[in-house]
Amino acid sequence: MGIGLNYNGVNRLEGTINDTAEFCTYYKYILDKKGIDNEVFYMLQMVDPETNNDITNYYKSEYAPSKTNVKNLLNAFADGSSTHQKITKNDLLVIYYSG
């Protein structure tokens with residue numbers, strides 16, 4: 001699960017979305033290469049650098065990186081849901097945060 005926030009306004013961060021994408025892409029590549037089943041979930045908050053507007057569709061996406069969405073996704077992993085398999089004691093959950 002990769003979470004990337006670059007914020008907007010005065011304290012805007014650069015590179016967090018790329019860092020998250022690169023980490024998750026590389027991690028998935030290694031697991032695929034070893035033949036290990038895996039899924040990657042990106043939760044990214046992106047801001048248009050020219051307008052400084054949030055372009056995430058923040059309120060419409062279950063994968064927008066809000067506290068509620070992160071908790072909901074973790075609960076879905078813990079309990080299982082219609083869209084996510086329940087994780088077991090043999091599964092590995094990696095959470096990468098950049099922001």
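Small disclaimer: the values here were computed from a predicted structure and weren't measured. (Residues numbered from 1 in each chain as written. Predicted model: local features only at pLDDT ≥ 70, side-chain atom pairs only at ≥ 80, totals over all residues. Heavy atoms only, no water.)

A.B. asks: Explain the pairing of strand 1 (residues 2–5) to me, using residue names and the numbers behind them.
C.D. replies: Taking every second residue as pointing to the same face, both faces of strand 1 are buried, with G2 and G4 on one and I3 and L5 on the other. In terms of strand pairing, strand 1 meets strand 2 (residues 42–45) through four bridges, oriented parallel. When the sheet's bridge partners are listed, G4 is paired in strand 2 with L44. Pairing of strand 1 with strand 3 (residues 96–98) involves three bridges; the strand directions are parallel. Note on strand 3: the bridge partner recorded for I3 is Y97. (Buried < 20%, exposed > 50% of the residue type's maximum accessible area, 1.4 Å probe, protein only. Helix = DSSP H or I, 4+ residues; strand = E, 2+ residues; numbered from the N terminus. Pairing = 2+ DSSP bridges.)

A.B. asks: So, the sheet that holds strand 1: which residues are in play, and what are the values?
C.D. replies: Pairing is parallel across the open sheet formed by three strands, whose spatial order is 2-1-3. The sheet is open, and its two borders are formed by strand 2 and strand 3, each paired with just one other strand. Each adjacent strand pair in this sheet contributes to an overall mean axis angle of 5°, direction not counted. Sitting on the sheet, helix 1 (residues 16–33) touches strand 1, strand 2 and strand 3, and the angle it makes with strand 1 is about 165°. (Axes fitted to C-alpha atoms, helices over the stretch in contact; angles between N-to-C directions. Contact = heavy atoms within 4.5 Å.)

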